Amino acid sequence: MAAATVNSTESYDRSRDIKQFEDTKTGVKGLVDSGITTIPRFFIHPPDKLSDLSPNSTTRPGSDVIPTIDLSGVNDSDLRSTIVEKVTCASRELGFFQITNHGIEEELLESVIGAIKGFHEQPADIKKRVYSRDDMKRSVSFFSNMDLFHSKAANWVDTLQIKLGPTLLELDEIPEIYRKQVMEWNEKVRKLGELLMGVLCEGLGVDKGKLKELTFTEGRMMAGNYYPYCPQPHLTMGIVSHTDAGVLTILLQDQTGGLQVKYHDEWVDVKPIPGALVINIGDLLQILSNDEYKSVEHRVLANSFSEPRISIAVFFSTIYGNNLYGPFPELVSQEKPALFTHFKFTDYIRRFLTKELDGRSLTNYYRL
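Residues numbered from 1 in each chain as written. Predicted model: local features only at pLDDT ≥ 70, side-chain atom pairs only at ≥ 80, totals over all residues. Heavy atoms only, no water.

Caption draft 1: Structural context of the overall build of the protein chain. Counting secondary structure elements, the protein chain contains eleven helices and 14 strands. What you see for the protein chain is a C-alpha radius of gyration of 20 Å, in line with the 21 Å of a compact globule of 368 residues. Residue burial in the protein chain is summarised as follows: out of 368 residues, 53% are buried. Summing over all exposed atoms, the protein chain offers an accessible surface of approximately 16,500 Å²; the carbon and sulfur share of this is 50%. (Helix = DSSP H or I, 4+ residues; strand = E, 2+ residues; numbered from the N terminus. Rg over C-alpha atoms; globule rule 2.2 N^0.38 Å. Buried < 20%, exposed > 50% of the residue type's maximum accessible area, 1.4 Å probe, protein only. Areas by Shrake-Rupley, 256 points an atom, 1.4 Å probe, with all protein chains shown as cover.)

Caption draft 2: Molecular detail of the sheet that holds strand β5 (residues 219–227). Read from one edge to the other, the open sheet built from eight strands follows the order β1-β2-β10-β7-β12-β5-β4-β3, with strand pairing classed as mixed. Either end of the sheet is taken by a strand with one partner, and the two such strands are β1 (68–70) and β3 (140–143). The mean inter-strand angle of the sheet, taken between neighbouring strand axes irrespective of direction, is 25°. Taken together, the six bridges between strand β4 (residues 158–163) and β5 define a ladder with antiparallel strand orientation. (Pairing = 2+ DSSP bridges. Axes fitted to C-alpha atoms, helices over the stretch in contact; angles between N-to-C directions.)

Caption draft 3: Region of interest: the pairing of strand β11 (residues 298–301). Where strand β6 (residues 237–242) meets β11, three bridges bridge the pair, whose relative direction is antiparallel. Residue H242 lies in a different strand from β11, and its bridge partner there is H298. For strand β8 (residues 259–263) and β11, the ladder comprises three bridges, and the chain directions are antiparallel. The residue of β11 that forms the bridge with L259 is V300.

Caption draft 4: Focus on the environment of G198. The residue G198 is located in helix α7 (residues 179–204) in this model. Distance from G198 to P46, taken between C-alpha atoms, is 42 Å for residues 152 residues apart in sequence. What G198 contacts, discounting residues up to four positions off in sequence, is R80 and K208. (Contact = heavy atoms within 4.5 Å.)

Printed below as a string of structure tokens:
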């Protein structure tokens, strides 16, 4: 598969190159391992998508815009109200925040990062056994670029996707290289998700168990992302600007950096903090909250460092695909009518899986 620069004028068969890349089943790490010094042309993003990548930009606000919230005392009646207030404020204004003292040991966090890194750095023949794009059916799949065949440009990332809920796979279905870590992580992150959803519900003034009752703690999907060194990081993205489809995302990232959030039309760095987790509101919770909480665009820069960047995201959604969802009735009134129509979750998630990651929130499709 030929690499090309952005200035190439020769005849170019994009579909052929994408198919050749897909047929290798080795992802972008396979390209790096092959020794390339320029990236294939279908990874090159349009100039208008790359114009704000310069690290010398004077318009980027400081990374302290994204708040870090200490959850210690969240179950203490005297301290909980302050924590609820901080989480609610961040969810209304930014849609993103980091949390510390969340109950998941730093040793486990490091172990999970190591296990996902270990999977991606296995010999290609081992990873090929789970390579698949059939996202809705397989419980474990490895792929590069969820939207590879309908995006305008590919991203410099490989993904291990694991369906965590409502019930985890049988032990022998989970590759041994990350089995122990993922099982422990799954249980801890489920409990943390339930805790955060309770806090978010309190902030909306609805029963704190409402999201749990609607099974939003049960539909959990994990994406273990691997961002290898990119020889031309100024021409592509780690992950292009997008919003998350679910209710809530819990993200574990290593200390490499590269995650950015859109804030007042500018990109803000989400600085890695040892032991912290990144939380963001998804499109579905923006709809359920009737626009009280915000799902915002975020992206990942292509990795210019020799060491790979690792992140593990857990996306929370419902297991009741045929139920109708829309703004909570408690949040709809004559003063503030419903801002979104109702829809089946199966239709909603199908729309997400068949569109490219392009920065357009799913909220736009259902807004009245």
